[in-house]
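Now for the letters of each chain:
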Number of protein chains: 2
Amino acid sequence: MNQQPSPAAHFRVDALQCSRWTRVRFEEWRRGGLDCVHVTLAIWEDARETLRVVGQWERFFREHADIIAPARSVADVRAAKEAGKTAVMLGVQNTSPFEDDLDLVSAFHAAGVRIAQLTYNVQNLVGGGCWEDPDPGISGYYGRNIIAEMNRVGMLIDLSHCGERTCLEAIELSEAPVAITHGNPAAFVGGAVELAARNRSNEVLQALAERGGVIGLSTYPRLAPDGNDCTLARFCEMVAWTVELVGIEHVGIGTDLYLGHDPSILGWWRKGRWSREVAIPLSGLPVFPDWMQSPADFDNFATGLAQQGLTENEIHQVLGDNWIRLLEQVIVTAPANVAHLTSAGQK
Amino acid sequence: MNQQPSPAAHFRVDALQCSRWTRVRFEEWRRGGLDCVHVTLAIWEDARETLRVVGQWERFFREHADIIAPARSVADVRAAKEAGKTAVMLGVQNTSPFEDDLDLVSAFHAAGVRIAQLTYNVQNLVGGGCWEDPDPGISGYYGRNIIAEMNRVGMLIDLSHCGERTCLEAIELSEAPVAITHGNPAAFVGGAVELAARNRSNEVLQALAERGGVIGLSTYPRLAPDGNDCTLARFCEMVAWTVELVGIEHVGIGTDLYLGHDPSILGWWRKGRWSREVAIPLSGLPVFPDWMQSPADFDNFATGLAQQGLTENEIHQVLGDNWIRLLEQVIVTAPANVAHLTSAGQK
């Protein structure tokens, strides 16, 4: 399971995209050479609402079977790559789909979800988001149970939008390594960007790396160094800085690209149903940098990282191999789930 | 609205019962002379599940219209009393029915719910329960919004199962007085009872009273002084002690009687869907004291309180008039809601 990939088996992985999905996006993945993309099914959606999005993806998998395929395991990613397709890993950016029900973790795992963020900006049943001050940390009952259950079924814990204390406690409580699929180091970016609260402290990044986790650095201009003016060189400087801080094995890419949406989506993401006013004023859809207008531009990372002096192998690690190693370690394919797939004739 | 009730208009109110509902229970209310009972619709139930229980109560109101009637306002309680019926105030012991949706507060208000407890034992989207250590307090976004919205629509905030910090912050944040519908003073009862974490500090009780709130003292043996051995005299001693602490206007009764259930209900209450094991071991259904076997025994409080030296008027205050004053102050009948009722021909 943990063997080093052979030179022929390097992967390109984007650890988070959150677009409005059409074939145009899937074609961009192919042009960018992406072997695997983690896509978001839910921000505030509950179980029923998220299940519908699973069904939408099942439809995408049927209708665009020539270029995309579901990724329930790393073996699925390998098979997709060999077939010239992009493997899609389903994830949720909140534990809202699990509602208050521990059994919904294995239910959504059976439905194909492999990554779940514990909280999204604010407090939920599990812990605190990065906007909560103070962040209460992981809740004493359900929060601990959810972490243990995600570990058991093989679902990757994502801490991208969690608060500082929730991050540190989750890293400590989880038996498996965890991820920040899309975020940046606060110490490098500084406090001037619009969503500075989303970036993570050195303490969190180091604790995450010590336990084997990976952070996906993000091109989202509201979190990126110099904001809208972030150059490829500056971004890659951040990659090199983070590699220096936590080690090459623990750094990946999670662009957080979200394309094709109506601007109203931002209202939903920033206030859900729990507020009538946005906590952080809306400033329209972001303008992603000219060197990362879509996933088709993914190769620019390779160019920029080479200019920073990263070796070819280090570039492979950052652009995907680290994510594949982490997924291979965390996402155990549960036998019951495989049996289900076989009997359903889906595989 | 706030005029003193005339001698003829004293009320008997039980601020919480949580039984399995059959006509037997409603007949006990009549025998106990109860003019109003606050009943629990939800512990962990979500919006859909709670709405079904609203429908069940609508059926009870039709099928037992000779002895019970819905209480959407204090005027309803008066009308029921004059007709020789017990008015039923619908409440929820958790904000779980509101899910993550601020609009569900007014929706459930429209459906007749007039009391909502912010949390039940553990952490939720709104705040911390009395089992959480540390209790995170009221959440910075949804928690504050829920309190403001409950204030706006005229729904009484109940803090019975909340944690210490959540209680203090809710008392501070709420523009309307709040309630502890069923609980006891921790300083009087001590730490030896099974559910000691459910009883409240002097600090909370005094803050609640200073803002005009009421605490309903409870006969539930797992919270009561001397537990299963709590005598009527000892209970009434606690009433007198609490009156001394917070003032006569702020003390009422909330028996927490729950009758007719299968013992498995305790598993649901103590772990919902969020755990596979109970946090506090189950010890079967409680044995309520021989002097409070059912609501039919409510008159025993009058006897016991007289023996403690309370005046006739003070006894009236504790046995119901304080609750009526609080409800009159908090539960504003929203005009939109009245129109809805009129057009629906329900009243």
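Residues numbered from 1 in each chain as written. Chains lettered and ligands numbered in written order. Predicted model: local features only at pLDDT ≥ 70, side-chain atom pairs only at ≥ 80, totals over all residues. Heavy atoms only, no water.

A. Spatial organisation of the overall build of chain A. The helix and strand inventory of chain A stands at 13 helices and nine strands. Across its three principal directions, the C-alpha atoms of chain A cover 50 × 45 × 40 Å. Taken across its 347 residues, chain A has 62% of its residues classed as buried. Considering only intrachain contacts with a sequence separation of at least 6, the fraction spanning at least 24 residues in chain A is 73%. Approximately 12800 Å² of chain A is accessible, and the part contributed by carbon and sulfur atoms is 51%. Computing the positive centroid from 29 side-chain charges and the negative centroid from 43, chain A places the two 6 Å apart. (Helix = DSSP H or I, 4+ residues; strand = E, 2+ residues; numbered from the N terminus. Buried < 20%, exposed > 50% of the residue type's maximum accessible area, 1.4 Å probe, protein only. Contact = heavy atoms within 4.5 Å. Areas by Shrake-Rupley, 256 points an atom, 1.4 Å probe, with all protein chains shown as cover. Lys, Arg positive; Asp, Glu negative; His and termini not counted. Charge placed at Lys NZ, Arg CZ, Asp CG, Glu CD.)

B. Inspection of the nonpolar core at higher detail. Grouped together as the largest cluster of nonpolar side chains are 192 residues, with contacts concentrated most on Trp57 and Leu118 of chain A together with Trp57 and Leu118 of chain B. When residues no more than four places from it in sequence are discounted, the contact partners of tryptophan 57 of chain B are Trp21, Phe26, Trp29, Val39, Leu41, Ile68, Val88 and Leu90 of chain B. (Core = buried A, V, L, I, M, F, W, Y, C linked by side-chain atoms within 4.5 Å.)

C. A look at the packing of aromatic side chains. Tallied over the full model, the rule gives 44 aromatic pairs over all chains. Between tyrosine 220 of chain A and phenylalanine 288 of chain A the ring centres are 6.0 Å apart and the planes differ by 25°, which places this aromatic pair in the stacked class. Taken as a pair, tyrosine 220 of chain A in the loop between strand 8 (214-217) and helix 9 (232-246) and phenylalanine 288 of chain A in the loop between helix 10 (265-271) and helix 11 (299-307) lie far apart in primary sequence, 68 residues in all. The class of phenylalanine 288 of chain A is buried, set by a relative accessible area of 6%. Between tryptophan 57 of chain B and phenylalanine 61 of chain B, the ring centres sit 5.7 Å apart and the planes meet at 40°, which makes this aromatic pair tilted. Of this pair, tryptophan 57 of chain B and phenylalanine 61 of chain B both sit in helix 2 (residues 47-63), four residues apart, roughly one helical turn. When sorted by exposure, tryptophan 57 of chain B lands in the same class as phenylalanine 61 of chain B, which is buried. (Phe/Tyr/Trp six-rings, centres within 6.5 Å; stacked < 30°, edge-to-face > 60°.)

D. The interface of chain A and chain B, seen in detail. Opposite the 28 residues of chain A that make contact, chain B presents 28 residues. With both chains or domains summed, chain A and chain B bury close to 2400 Å², and 47% of this area falls on carbon and sulfur atoms. If you look at where chain A meets chain B, you find six salt bridges. Where chain A meets chain B, there are 18 residue pairs in polar contact (both at pLDDT 80 or more). In terms of residue count, helix 5 (residues 142-153) of chain A provides more of the side of chain A that touches chain B than any other element does, three residues in total. (Buried area = accessible area lost by both parts, 1.4 Å probe. Salt bridge = Lys/Arg side-chain N within 4 Å of Asp/Glu carboxyl O. Polar contact = N/O pair within 3.5 Å; in protein donor to acceptor, adjacent residues only side chain to side chain.)

E. Main features of the side chain of glutamate 28 of chain B. Within the fold, glutamate 28 of chain B resides in helix 1 (residues 23-31). Apart from residues no more than four positions distant in its own chain, glutamate 28 of chain B is found in contact with Leu259, Ser294, Pro295 and Ala296 of chain B.

F. Spotlight on the side chain of threonine 255 of chain A. All names here are of chain A. With respect to the helices, strands and loops of the structure, threonine 255 is situated in the loop between strand 9 (251-253) and helix 10. Exposure remark for threonine 255: the relative accessible area of 0% places this residue in the buried category. Side chain to side chain, threonine 255 and aspartate 14 meet in a polar contact 2.5 Å long. Only 3.4 Å separates the side chain of threonine 255 from the backbone oxygen of leucine 16, close enough to count as a polar contact.

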